[in-house]
Amino acid sequence: MDLNPIKIGIIGCGYWGTKLIKKCSELKTVQIIALCDRDRNRLADFGKHYSSVVLTDNPQEFLAAPTEAVIIATPASTHYALAKAALRAGKHALVEKPLTCCLHEAKDLISLAQKNCLALKASHIFHHNPAIALIRELVGAEKIGKVQYVDLVRSNLGKFRSDVSALWDLAYHDISILNYLLPKKPLAISAHGQSYVQKKSHLQDIVNLAVYFPENIFSTIRVSWIDPVKTRSLMIVGSKKTVLYNSKDERIIKTYDINYESLSCDINSLNTLDSSQNCILHSVDWVEPMQAELQHFLNCVRKGKSDEANLQSGLEIISLIEIAQKSLSSNGLKLNVENFSASFTNK
């Protein structure tokens, strides 16, 4: 296998792009060749530390640099055009979430990558999170019993986006987590949201989703840009145990030994339970998710092909968000996810 560093370009050097640049610079398997951002002052700052790197505010000049692969960390609304240009230029591409803002554009990118024998990766960083992977193992092995309810919260004060709502920016993560954890596909979705800060643009700052699965499995998702306290939490209530994960303690997951199956006929027993006495801490063998995701992308680049499961998941997530968006526009109307699997097939 070719062990020479892969020549990478990164377009979008803002908050997340800066993290990607730092992480790439730490990897011996990567050589940063070009950086692109519309903010010239920001580029000048990077130039102090990356003197031999192509620095440009011009995407065409960026794509002309001698890179093998690019990472796109720009605003969501620009992903499709930039990824399409990169693939046409013969570059492998990792696209930060969302891959695109509509399903037909995502399918177009996948088709183009396949046609040009290039690796295209949709960023689903929580699929590379060891804590989420451990929870997936518990769910898959039915260690918590039958999944009954999943609650996800992702809130903070900002960062506000001017091109997409909190649904596309934040709930994308949580829908990707659901897609990764649960083998069954949703039956229906209902979404409610409001625009408080960005009233003129009608971009929802807060969105609540209800997701309905087969076998009476139910999930709620709450995302917000206007909460003063940052919260990133996941709770899965199973019939035998409950799992709790909070990103503040990212190397720990908690399970609560509460067997609802055995207690369902005795409500008084449930009312006297002390959850703190039934809590078990599980340590996570931690690997930085961004590093793991980058390594996965580099492996795809070396193979010269995409991870089909990653792209299939990307199509499924975008399709669900599109349905949720329709529900938002219909005052929370509960919409059935019809022909779920068929609608994701890339033809």
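1. Observations concerning the environment of K48
Turning to its location among the elements, K48 is positioned in the loop between α2 (40-47) and β3 (54-56). With relative accessibility at 66%, the residue K48 sits in the exposed group. Remark: the alpha-carbon pair of K48 and P98, spanning 50 residues in sequence, is separated by 31 Å.

2. Quick word on the packing of helix α4 (residues 79-88) against helix α5 (residues 103-115)
Between α4 and α5, the least distance of the axes is 10 Å, while the angle of their chain directions is 10°. Judged by the angle between their axes, α4 and α5 are roughly parallel. Along the contact surface, α4 presents Y80, A83, K84, L87 and R88, while α5 presents E105, D108, L109, L112 and A113. In terms of residue class, the contact of α4 with α5 is made up of six nonpolar, no polar and four charged.

3. Here's the deal with the packing of aromatic side chains
Evaluation of the coordinates by the stated rule reveals four aromatic pairs. Taking the centre distance of 6.4 Å and the plane angle of 45° together, the rings of F46 and Y50 count as tilted. Residue Y50 is classed as buried on the basis of its relative accessible area, which comes to 19%. Judged by centre distance (6.1 Å) and plane angle (20°), the ring pair of Y149 and F218 falls under stacked. Here the residue Y149 occupies a position in strand β7 (residues 147-157), and F218 occupies one in strand β10 (residues 218-224), the gap between them amounting to 69 residues. For Y149, a relative accessible area of 24% puts it in the partly exposed group. Residue F218 is classed as partly exposed on the basis of its relative accessible area of 28%. Taken together, the ring pairs connect Y149, Y212 and F218 into an aromatic cluster. R136 extends its terminal NZ or CZ atom over the ring of Y180, reaching a point 4.1 Å from the ring centre. Positioned over the ring face of Y15 is K159, at 4.7 Å from the centre of the ring.

4. Description of the packing of α5 against helix α11 (residues 308-329)
α11 packs onto α5 with a crossing angle of 165° between their chain directions and a minimal axis gap of 9 Å. Between α5 and α11, the interaxial angle falls into the category roughly antiparallel. The way α5 lies across α11 gives a crossing that is left-handed. Touching L103, A106, K107, I110 and Q114 of α5 are E308, L311, L315, I318, S319 and E322, all from α11.

Rules of the game
Residues numbered from 1 in each chain as written. Predicted model: local features only at pLDDT ≥ 70, side-chain atom pairs only at ≥ 80, totals over all residues. Heavy atoms only, no water. Helix = DSSP H or I, 4+ residues; strand = E, 2+ residues; numbered from the N terminus. Buried < 20%, exposed > 50% of the residue type's maximum accessible area, 1.4 Å probe, protein only. Axes fitted to C-alpha atoms, helices over the stretch in contact; angles between N-to-C directions. Parallel < 35°, antiparallel > 145°, perpendicular 65-115°, else oblique. Contact = heavy atoms within 4.5 Å. Nonpolar A, V, L, I, M, F, W, Y, C, P; charged D, E, K, R; others polar. Phe/Tyr/Trp six-rings, centres within 6.5 Å; stacked < 30°, edge-to-face > 60°. Lys NZ or Arg CZ within 6 Å of the ring centre and 35° of its normal. Left-handed = near helix turned anticlockwise from the far one by under 90°.

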